[in-house]
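Below, each chain spelled out in residue letters.
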Amino acid sequence: MTSIKEQAAVSRLISFLQEWDGTGKVTRSHILENFILANKGKTGPELEMEFSQGASLFLARITAWLRLTYMYGTCLDQQLKSIGIFLSAANGQRYIIEFLEIGGVLTLLEILGLKQLKEEAKKESIKLLQIIASSGRKFKEIICESYGVRSIAEFLATSKSEETQEQVQILLDTLGHGNPKYQMQVYKGLIALLKCTSPKAQQLSLQTLRTIQTIVGKAHPSIVGSVLGVLRSLHLEVQYEAIQLIKDLMAYDVQPAILQGLVALLKPSRQETARMQAKILEEAGTLHLMESLPVYIQQAAAAKAIGILAQDSRELAEELLFLNVVHGLMCAMGNKDHTNSQRQASITLEFFVQNFIVVENYVKEAMGEKLFQLFMQDATNLYLNMDAVQADILASNIVNIPADFLARAKMDWPERESSPEEEMQPEDNYTSPKPATS
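Residues numbered from 1 in each chain as written. Predicted model: local features only at pLDDT ≥ 70, side-chain atom pairs only at ≥ 80, totals over all residues. Heavy atoms only, no water.

### A word on the overall build of the protein
Threshold: Put simply, DSSP marks the helices as runs of H or I at least four residues long and the strands as runs of E at least two long, and each gets a number from the N terminus on. Only protein chains enter the accessibility calculation, which uses a 1.4 Å probe; a residue whose area is less than 20% of its type maximum is buried, one above 50% is exposed, and one in between is partly exposed. Contacts were defined at the residue level, with two residues in contact if any of their heavy atoms lie within 4.5 Å. Note on areas: Shrake-Rupley, 1.4 Å probe, and residue coverage restricted to the protein chains presented here.
Along its length, the protein carries 27 helices and 0 strands. Looking at the protein residue by residue over its 438 residues, the buried ones come to 51%. Within the protein, counting contacts between residues at least 6 apart in sequence, those at least 24 apart form 71% of the total. Total accessible area on the protein is roughly 21500 Å²; 53% of this is exposed by carbon and sulfur atoms.

Rendered as C-alpha cells:
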C-alpha cells in the first residue's frame, strides 16, 4: 500500500504532466527553463526522485514536442538542453535508449541539415550526438546506420562557427574509435571532407584522419589525390596538417603514389595553369593575384613537403631521386610568377646537393658556374639574386640523372648518417659520374 507521501508525489506528477499537455509554447518554454536551472547535472536516480519515478514520461513529452516542431525552431534550444539533462545523467542510460526508440537520432541529424535553424541549436544537437556516441559501440552503430556520418560531415563543411566545427570533430573522432563495423565509413567521410571549401573543416579533418588512419590500418587509394589537393590551400595551418598526414602515410602502401604525385606537382601542366590564369584575369583588378594561383601554391607546398620527407628519411630521399625530383625542383626554381615556389624548391634542392654528390654534379652542369655559385652561397634567397635569363635556364632544364648512376651511388652510399662534408668526398673505389654533355 502506497504511503500518503508517495500518493501526493504521484498526484503532483500527474498535475505537472496535465499542465504540460494543456498549455502552449510560452508556458512550456518557462517550464523547460525552470527544469534546466533546477536539474542540470543530476543523476538518473535523482531525476526519478524529482519526478516520482516518472521522469521518462516527461522526457517522452519533450521529445514528442521536439519532433513536431523542430523544423520551425520553436523553443528548440530549451528542448535540446532539457533532453541533454536526461541523456547526460549518470546511471541514466535508459533515457538514451528511450530517446532512440522514438527516433531521436534521426531528428538530431535532420536538425543539422536545416538551413533555417540557428547555429546554436545545431551545436546542441552535436552535443547530444556526442553523448549518445560516447555511451557504447551499439549507439555509435545506430548513428552510422542512420546515415549519420554523411550528415555530420556535411555540417562540418558548411558550419560558420569554428567552435561548433571543433565539437563536430570530437564527434567524428568518437565515431571512428571502437566502431569496427563503420570505422571505414568514418574514414572515407573524412577523406571526402578534404575537398570542401572550409579551411577549418579541412584542418580538423586532416587532424582526425591522422588518428583514424592508425585504426583503419590500410590507406584507401582516394586519400592520395585528396591530400595532395589540399596543398592548394592558402591557409598555412591547413598545409601544415596536410604535410603531417603525408608524413604518416609514408608507412602505408600509398607511399609510391604520393611521392610520384608530389614530384608531378613541381611541374604544373600548361593547360591547367593557362586556364586558371585566364579565370583570374577575367576579373578586373586581380592581376596581383597571380602570386596566389592555386597550382603555384600547390607547387610551393609540394617542394616544401619533399624537403621535409627527404630530411626525415634517406630512403625516401633516394626514392625521390629515382623519380627525377631534381628536374622538377629546378623547374619550380625557375617559376618567375611565384617567389615562394622558387624559395621552397631552392631550399629543398640544396639538401639534395649537399647530401648526394651525384646530384651536385648534375645541378652544377645544368646551372652553369655563376648561377651555381649564387645557389651555394644563399639558396634561400637565390630567387632575389638571379635574373630572368637564369630563371629561364632553370625552368627549361633537362636534367635527368640516369637510373644506373643513382643505383650505383645508392650502393656506395654509407649506411650511417654522414655529414654533408663527408658526403662530398668520393670514396676510393668510386668515381662520381659526370653528366653527359650533348
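### Some words on the packing of helix α2 (residues 25–39) against helix α5 (residues 76–87)
The line we're drawing: Here the axes come from fitting lines to C-alpha atoms, over the contacting stretch only for helices, and the angles between their N-to-C directions go from 0 to 180 degrees. Handedness of a helix crossing follows the sense of rotation of the near helix relative to the far helix, less than a right angle counterclockwise being left-handed and clockwise being right-handed. Put simply, Ala, Val, Leu, Ile, Met, Phe, Trp, Tyr, Cys and Pro go in the nonpolar bin, Asp, Glu, Lys and Arg in the charged bin, and everything else, Gly too, in the polar bin.
Contact geometry of α2 with α5 gives a least axis separation of 9 Å together with a crossing angle of 35°. Our pair here, α2 against α5, has a crossing hand that is left-handed. The segment α2 lies against α5, with Ser29, Leu32, Glu33, Phe35, Ile36 and Asn39 engaging Gln78, Gln79, Lys81, Ser82, Ile85 and Phe86. The residue inventory of the contact of α2 with α5, partitioned by class, reads 5 nonpolar, 5 polar and 2 charged.

### Quick word on the pattern of salt bridges
Just so we agree on the cut-off: We count a salt bridge whenever a side-chain nitrogen from Lys or Arg sits within 4 Å of a carboxyl oxygen from Asp or Glu.
Inspection of every chain in the model, using the stated rule, returns 15 salt bridges. Here Glu98 and Arg94 are joined by a salt bridge, their closest N and O atoms 3.5 Å apart. In this pair, Glu98 and Arg94 are both assigned in helix α6 (residues 93–101), 4 residues apart and thus about one turn of the helix distant. Owing to a relative accessible area of 23%, Glu98 belongs among the partly exposed residues under this scheme.

### Some words on unusual backbone geometry
For Ser52, which is not glycine, the phi dihedral falls at a positive 55°. In this fold, Ser52 is placed in the loop between α3 (44–50) and α4 (55–69).

### Topic: the packing of helix α19 (residues 314–322) against helix α21 (residues 339–355)
Let me state the cut-off plainly: Angular relationships are summarised with four words: roughly parallel below 35 degrees, roughly antiparallel beyond 145, roughly perpendicular across 65 to 115, and oblique for the angles in between.
It is at 12 Å that the axes of α19 and α21 come closest, and there the two elements cross at 100°. In terms of orientation, α19 and α21 fall into the roughly perpendicular class. For the pair α19 and α21, contact is made by Arg314, Ala317, Leu320 and Leu321 and by Phe351, Phe352 and Asn355, respectively. By residue class, the composition of the contact of α19 with α21 is 5 nonpolar, 1 polar and 1 charged.

### Let's talk about the packing of aromatic side chains
Here is the rule: Pairs were defined over the aromatic rings of Phe, Tyr and Trp, the Trp ring being its six-membered one, requiring ring centres within 6.5 Å. Orientation was assigned from the angle between planes: stacked under 30 degrees, edge-to-face over 60, tilted for the rest. Placement of a charge over a ring requires the Lys NZ or Arg CZ to be within 6 Å of the ring centre, with the centre-to-atom vector within 35 degrees of the ring normal.
As enumerated under the stated definition, the model contains 13 aromatic pairs in all. With 5.5 Å between their ring centres and 85° between their planes, Trp20 and Trp65 make a pair best called edge-to-face. Placement of Trp20 in helix α1 (residues 4–21) and of Trp65 in helix α4 is noted, with a sequence separation of 45 residues between them. The exposure class assigned to Trp20 is buried, which follows from its relative accessible area of 1%. Ring-pair connections join several aromatic residues into one group, and the members of that group are Phe16, Trp20, Phe35, Phe51, Phe58, Trp65, Phe86 and Tyr95. A cation over a ring is seen here: Arg28 above Trp65, with NZ or CZ 5.2 Å from the ring centre.

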